[in-house]
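This is what each chain is made of:
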Amino acid sequence: MKKKEIQNKYKKKIKLIHKLNKFYFDKSKPIVSDKEYDELKKEIILLENQFDFLKSKISPSKVVGHKPSKNFKKSLHRVQMLSLANAFSEEDLLNFEKKITNFLSKKTDFKISYSAEPKIDGISASLTYKNGTFVKGLSRGDGKVGEDITENLATIQDIPKNISLNDFPEDIDIRGEVFIQNTDFANLKDKFANPRNAASGSLRQKNSEDTKKIPLKFIAYTFGFEKGLSVDNQFDYLKRLSKWGFKTNPFNKLIIGVKNLIQNYHEIVKKRTDLDFDIDGIVYKVNDFTLQKRLGNVANAPRWAIAHKFSSNKAMSVIEDIEIQIGRTGALTPVAKIKPINIGGVVVSNATLHNEDEINRKDIRIGDTVTVERAGDVIPHILSVDNNKRPKKSSKFAFPDKCPSCGSKTIKDINLTTKKEDAVRRCSSEDYFCKKISIEKLKHFVSKEAFNIDGFGKKIVENFWKLKLIKFPQDIFKLDYNKIEKLEGWGKLSVENLKYSINEKKQISLERFIYALGIRHIGLENAKLISKHFLSFLKFKNLSKNNNYKDLLNIDGIGDTQVNSIKNFFSNKMNINILNELDKVLIIKSAVVENKNGLLKNKTFLVTGKLIGISRAEIKSLIEENSGTTVSSVSKKLNYLIIGEKPTKKKVESAKELKLRILDQNQFLKMLNKTS
Ligand code: IVH
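Just checking my understanding: could you explain the packing of aromatic side chains for this structure?
Two aromatic rings, taken as a pair, are described by how far apart their centres are and by the angle between their planes. All chains considered together, the criterion is met by 25 aromatic pairs. Their ring planes at 75 degrees and their centres at 6.4 Å tell us that Tyr-237 and Trp-244 sit as a pair that is edge-to-face. A residue is classified by how much of its surface remains accessible, and Tyr-237, at 0% relative accessible area, is buried. Relative to Phe-477, the ring of Phe-445 has its centre 6.3 Å away and its plane inclined at 75 degrees; by these criteria the two rings are edge-to-face.

Mind showing me how you'd approach the sheet that holds strand S24 (residues 629-630) here?
Strand pairs in the sheet, formed through backbone hydrogen bonds, run parallel or antiparallel to each other. Within the open sheet, the four strands sit side by side as S24-S23-S25-S26. Their pairing is parallel. With one partner strand each, in any of the chains shown, S24 and strand S26 (661-664) form the two edges of the open sheet. Relative to strand S25 (residues 640-643), strand S23 (residues 604-608) runs parallel, the two being bridged by four bridges. Within S25, the position partnered with Phe-605 by the bridge is Tyr-640. Contacts between helix H23 (residues 649-657) and the sheet are confined to S23, S25 and S26, with S25 contributing the most and set at about 145 degrees to the helix.

Help me understand the pairing of strand S5 (residues 133-139), please; the structure alone is not making it clear to me.
If a strand is regular, its side chains alternate between the two faces of the sheet. Two elements, strand S4 (residues 123-130) and S5, share six bridges in a ladder whose sense is antiparallel. Following the sheet pairing, Leu-127 is matched in S5 by Gly-137. Hairpin connection, S4 to S5: the antiparallel pair is bridged by two residues, and Asn-131 has positive phi, about 45 degrees.

Where do I start with unusual backbone geometry in this structure?
With the exception of glycine, most residues fall at negative phi, and the peptide bonds are largely trans. A positive phi is found at Leu-535, a non-glycine position, where the angle reads about 65 degrees. As for its placement among the helices and strands, Leu-535 is situated in the loop between helix H17 (524-534) and helix H18 (537-541). Of note, the phi angle at Lys-659 is positive, near 55 degrees, even though the residue is not glycine. With respect to the secondary-structure elements, Lys-659 resides in the loop between H23 and S26. Note on Lys-659: relative accessible area 74%, which makes it exposed.

Analysis parameters
- Within every chain, residues take consecutive numbers counted from 1 along the sequence as written.
- With pLDDT at 70 or above as the cut-off, local features in this predicted model cover only qualifying residues; side-chain atom pairs require 80 or more to be listed or tallied, and sums for whole chains, interfaces and linings still use all residues.
- The side-chain figures draw on all heavy atoms in the structure; neither hydrogens nor water molecules are used.
- Here the aromatic set is Phe, Tyr and Trp, taking the six-membered ring for Trp, and pairing holds for ring centres within 6.5 Å; pairs whose planes are under 30 degrees apart are stacked, those over 60 apart are edge-to-face, and all others are tilted.
- The cut-offs for exposure are 20% and 50% of the maximum accessible area for each residue type, with area from a 1.4 Å probe on protein chains only; residues under the lower value are buried, those over the upper are exposed, and the others partly exposed.
- Paired strands, as defined in this entry, are two strands with at least two bridges between them according to DSSP.
- Secondary structure elements are taken from DSSP: a helix is a run of H or I of four residues or more, a strand is a run of E of two residues or more, and numbering for both begins at the N terminus.
- Residues are treated as being in contact if the distance between any of their heavy atoms lies within 4.5 Å.
- Every axis in this analysis is a line fitted to C-alpha atoms, fitted for helices over the stretch in contact. Angles between the N-to-C directions lie between 0 and 180 degrees.

Shown next as structure tokens:
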């Protein structure tokens, strides 16, 4: 590696650790694991040790004591904190009950009473009370050893500090869940991913004063070690807890038999949206302590309890509003703003409604109670509407016929191939005229596959647009850095970094450049094809002058839809101006034709029909590797038509008419000195 390369590599790592530090220390919102952070730190120090010339003021080798120690004192749980086995279906529950009756050697009709307790998704804690005084509080840790977080727990109002009732045991570990209510979480949304993280983060603050600022709650549900507890079943224990001053779950219920558990489950699922705290299932515990004792534990979970989990990727919520988002191509996408709900560990507050047709088909309205699904990383969507819960006064959603951003008429295109109306409604304005389209186009311009300007993210585009620093792509390369340095959140170093990233990208390949323009239907692949065809920026730009759009049809892979879109792009004077302005500030590198002197130099090919043992994609790359080009239609510009099985008759006939050379697979391979 050259010195410059090493320096760049080092700079990148320093920049990254600086960013991680900011997230960790200033925003209390780490974006990588401790392990990843430590690894990066190690890499930086290793590089510095290896190369003397590497130096940075903000290197982790210089900045010490930045990261607060998160180590709390460890403490042994007197009785292990167990976990729970999971059930997802009625079948799982029947199995659970069957195992219990078998274990206890009871007849199958033996009735079991369960304490059914909605399972709050928080952080469990164990509170030791001696003679009625709260003396110590531990986190779960690994179940055997926890962390001593007494001081932090003591800041929680729901945790009684002294209990002087005579039925309170002389020594007991009260166990329960620390959590944060959804309404309180709303104010902390920017800091944490979900209420559970917020609770966990605040509970483990080094300084209990910081914990105090967060409105944590505590609900009690079980115990560990006890001396002097005089109840013989779980439900009575829950009643005692509330008598002693602890909060318990208001939806706890005593239930007999699996059928009734299932009924209760469905009731709770429906109630879930109305609760102010996240629950991720229901815990069922055999109510009788004597039976619990007999049943005992398997590994680290009790035989007498199970967690009936809610399906992790679906949840019900209420649509509070329907917003219309406008994309880079002017597409109007309706988005449901829903009452925030935790789906599989992620708080969801937006769900896409896809397009106008989807809203009409499902008759989705503001105020509707809906089932939302979140699968993997895709944007959550609405599965169905619960018509029974529809408010009386609701009315059909009227999709806007004017663009909410610029007021232009919204239109539906006619698909060129199917001749049908598109499902998507679009803003009919000319690109940069519409504010929202313009912002989205700029976001696309700086994005990863386009100009890939480091550190120039979506938020910065929005911000700079608002501040009138950028309006058109060329403005990015003429930024007023002095002005930016004075903005909140910016400083010398960050402005230097931004300047560096922008300048670095002033040289760009023609294909990335074409892609960055954000012409509708011209994605990465098409941009590549067009770049290979025109080779230079000038030739591409001259398309408008020569009005020779048909030429584009010769490119294999480019069809009418793309040609029309390019034509549209060039017919807009604003776009021509953008091209001219960008040309002044950028170096747009011409595409390189590899192996210009191959066997198929200056020859064009078209394949029709099925070839044997070789795919279309392979033959295309074979032609290109040997300096030939493939085209998509029969014309005078075509030199060779390669025919396979069942060729398109029309193509063969036109080729004959034009007296073009027609080859079969073997003849073609012979041209390359290959035989099949
Ligand atoms: S009882 C032996 N009861 O669920 C029983 N746990 O995976 C174990 N939880 O770590 C605890 N609500 O954080 C119990 N009503 C409830 C609960 C509950 C939530 C959590 C707790 C535990 C986890 C078990």
